[in-house]
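# Fold and contact review
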Amino acid sequence: MNIRNFSIIAHIDHGKSTLADRFINITNTVPDRQMKEQFLDGMELERERGITIKAKAVRMLYKSDSGEEYILNLIDTPGHVDFSYEVSRAMAACEGAILLVDASQGVEAQTLAHAHLAQSLGLKIIPVINKIDLEHADPDATEEQIWEVLKNPTEASRISAKDGRGAREVLERVIKEIPGPAGSPDKPLKALVFDSFYDVYKGVVIYTRVVDGAVSAGKYITFHSKGTSYKVEEVGYLNPKLLKSDSIKTGEVGYIIAGIRDIHEIKMGDTIFEKGAAIDAPLPGYKDVNPVVFAGFYPVNTTDYTALKTAIEKLNLTDSSFNFQGETSKALGFGFRLGFMGLLHLDIIRERIEREFNIPLIATNPNVIYKVLARDKHGLKGKYLEVTNPADFPHYGDIMDIMEPYVLANIIAPLPYMEGIMNLLKEKRGEHIKIEYISTTRVIVEYYLPLSEIILDFYDKLKSVSRGYASFDYEPHEYRSSDMVKIEILLHGESVDALSFITHKTRALPNSRQICEKLKGLIPKHMFEIAVQAQVGGKIIARETIGAMRKDVLAKCYGGDITRKRKLLEAQKEGKRKMKLMGSVEIPQEAFMSLLKISQDK
């Protein structure tokens, strides 16, 4: 039988999942009665937001126009920049890719990123223009943009995935243009891990593409990254449900179950060997994936701490790409510090905890990893420390240097909005690289940007200045020394660790004033005056005062000598002075929630 392994790559909402549905329909892989829209997106959040969060794979049997039978393995990929490593591993399991572009939107930032990634992996790219049924579709202009991006004038198929127009022709192109797998069945086993998920009964289910040899139940396999070995209990195909088989052979895509109970044992992009077999080299492209954005998760009700711990542990079984550890805060109590692949990843995990486990959360402002060089106790320069929590920063007097991560950003936008976008990039401390025209009306802008500047409100502001027409994609670049400072918020002279944050020196004053003003409006009045202060490097740079609550102690005095009234007022004054010395400020949870609300911008 002939095999074709391919994926569909596209920007968010360009119709990737809908086209996958059409392929499943055409090949009768799933009976009509079981079919539903976005079939491969099983998670409720995926269906609701119209995005693919977790990569899937499906094996389809197709009879071509010439009468030959083919096995088509569609390896679905996530569309968002946060999951770019997953996309690269899914593509590494393929020989070709369908580059899907919306005829009404044109080429966008993730289209560009995925197309370049596919080219770098040597994949055969089939350009496809979707949504030609829309009134404002412009397939001719879109085709020109695709040619400009691919630097190769390949004819694009024009389809409507919604009504199925042209979908069969695309499958025929897959068969004709994408080469078959090139591995050898006579060589020892070599297979690529491109995804995994956790099953309560079967343990870890590994999605794999066999490059050389074959794998069957009873064999012992070894993972290259950790050197651990396991006995294979079951193998089979993804149809898209698990379909048990005797073996998975060269060029095929399937699953392996080997009684593994810890999903962290499985690394994306790892190579599987047969235990004890001599192997020339592992498959290229593997790397350890490290989180880039960190945030603290605390339960609104402190009694939910144990339930939150269980929820995070259960989610971590299904998604090993985030990590977590316990932490405590004077202001918020017991919680966890979690590391994510990006802001969308953070937002999805937070929403899943609140929805699936019904635990209301307070999430602290997200932070990136800073590298800090500080003097040690002997006065010498130590090593650069990686710091993910502002509360863990060394004392300001000991800090010698702070380095922050920079990313290489690509923005695609119509020409009329360029002035607003350039101003925004300047405001976010961007460094210009180049501008490239992909048509007479659309341009690609490349910039170096600090990651800390884009994780909060950058996406919202970009959409505002471009009226929603700009698209954005980024990849990690390097660490650079920056003039960063830690801002501490003091309430009544005491530092509130949960509100500390890191910012650039030029932003310290406006940011401090803003947070002090906000806190003044959120914290209720107490019986004594409260100072809300922002401190940088031991100096107070912003202050707001919350006035004392006034209690009328003279209300019970109906006339009489003035000295009696003075005596009561003096007693009140003395009481307030003592309260000011001994009193503590109560911060309501609502104040934290409104201050620390993460903008759901993606």
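A brief report on the enclosed structure follows. Values in this document were obtained by computation on a predicted structure and should not be read as measured data. (Residues numbered from 1 in each chain as written. Predicted model: local features only at pLDDT ≥ 70, side-chain atom pairs only at ≥ 80, totals over all residues. Heavy atoms only, no water.)

## Notes on the pairing of strand 19 (residues 333-340)
For clarity, the threshold we go by: Between buried and exposed lies partly exposed: a residue is buried under 20% and exposed over 50% of the maximum accessible area for its type, with that area taken using a 1.4 Å probe on protein chains only. To qualify as a helix, a DSSP run of H or I must reach at least 4 residues; to qualify as a strand, a run of E must reach at least 2; elements of each kind are numbered from the N terminus. In this scheme, strands are said to pair when DSSP sees at least two bridges between them.
Most of strand 19 sits inside the fold, with six of its eight residues counted as buried. Across five bridges, strand 17 (residues 293-299) lies against strand 19 in antiparallel orientation. Bridge pairing links V293 to F340 in strand 19. Where strand 18 (residues 323-329) meets strand 19, seven bridges bridge the pair, whose relative direction is antiparallel. Across the sheet, residue E327 finds its bridge partner in strand 19, namely G335. Between strand 18 and strand 19, which pair antiparallel in sequence order, lie three residues.

## Some words on the pattern of salt bridges
What counts is decided by this rule: Any carboxyl oxygen of Asp or Glu within 4 Å of a side-chain nitrogen of Lys or Arg constitutes a salt bridge here.
If you walk through the whole model with that rule in mind, you get 27 salt bridges. Two residues, R480 and E478, come together in a salt bridge whose shortest N-O distance is 2.7 Å. By relative accessible area, which is 18% here, R480 ends up buried. We classify E478 as partly exposed; its relative accessible area is 34%. Via salt bridges that share partners, E148, K151, K434, E436 and E446 belong to a single interconnected network.

## Looking at the sheet that holds strand 15 (residues 253-257)
Backbone-to-backbone hydrogen bonds pair the strands of a sheet. The strands run either parallel or antiparallel. The condition that has to hold: Interaxial angles span 0 to 180 degrees and are taken between N-to-C directions of axes, which are lines fitted to C-alpha atoms, for helices over the stretch in contact.
Spatial strand order, 11-10-16-7-8-15-12-13: eight strands in an open sheet with antiparallel pairing. Edge positions in the open sheet fall to strand 11 (229-231) and strand 13 (242-245), since each of these has one partner strand only. Neighbour-to-neighbour, the strand axes of the sheet open up by a mean angle of 40°, direction not taken into account. Relative to strand 11, strand 10 (residues 220-223) runs antiparallel, the two being bridged by three bridges. Residue pairing for strand 11: T222 is matched across the bridge by S229.

## Brief notes about the packing of helix 7 (residues 305-318) against helix 8 (residues 343-356)
Formally: An angle counts as roughly parallel when it lies under 35 degrees, as roughly antiparallel when it exceeds 145, as roughly perpendicular when it falls between 65 and 115, and as oblique in every other case. Crossing handedness is defined as follows: a turn of the near helix away from the far one that is anticlockwise and smaller than a right angle gives a left-handed crossing, while the clockwise case is right-handed. We call two residues in contact when some of their heavy atoms are within 4.5 Å. Side-chain classes follow a simple rule in which Ala, Val, Leu, Ile, Met, Phe, Trp, Tyr, Cys and Pro form the nonpolar group, Asp, Glu, Lys and Arg form the charged group, and the remainder, Gly included, forms the polar group.
Interhelical geometry of helix 7 versus helix 8 gives an angle of 120° and a closest axis separation of 11 Å. Of the possible angle classes, the one that applies to helix 7 and helix 8 is oblique. Remark: the crossing between helix 7 and helix 8 carries right-handed chirality. Between helix 7 and helix 8, the contacting residues are L308, I312, L315 and T318 on the first element and I349, R352, I353 and E356 on the second. Grouping the constituent residues of the contact of helix 7 with helix 8 by class yields five nonpolar, one polar and two charged.

## A look at the side chain of R22
We apply this condition: This count recognises Lys and Arg as positive and Asp and Glu as negative, with His and chain-terminal groups excluded.
Within the secondary structure, R22 sits in helix 1 (residues 16-26). Buried charge R22 goes without a salt bridge, the closest partner of opposite sign being D21 at 5.0 Å. The residues contacting R22, other than those within four sequence positions of it, are A161, K162, G164 and A167.

## Digging into the sheet that holds strand 6 (residues 157-158)
What the six strands build is an open sheet, ordered 2-3-1-4-5-6; its pairing is mixed. The strands lining the two open edges of the sheet, one partner per strand, are strand 2 (57-63) and strand 6. Where strand 1 (residues 2-10) meets strand 3 (residues 69-75), five bridges bridge the pair, whose relative direction is parallel. The residue of strand 3 that forms the bridge with N5 is N73. Its contacts with the sheet place helix 1 against strand 1, strand 2, strand 3 and strand 4 (96-102), and it is angled at close to 155° to strand 1. Helix-sheet contacts for helix 5 (residues 139-150) involve strand 4, strand 5 (124-130) and strand 6, and the interaxial angle to strand 5 is about 160°.

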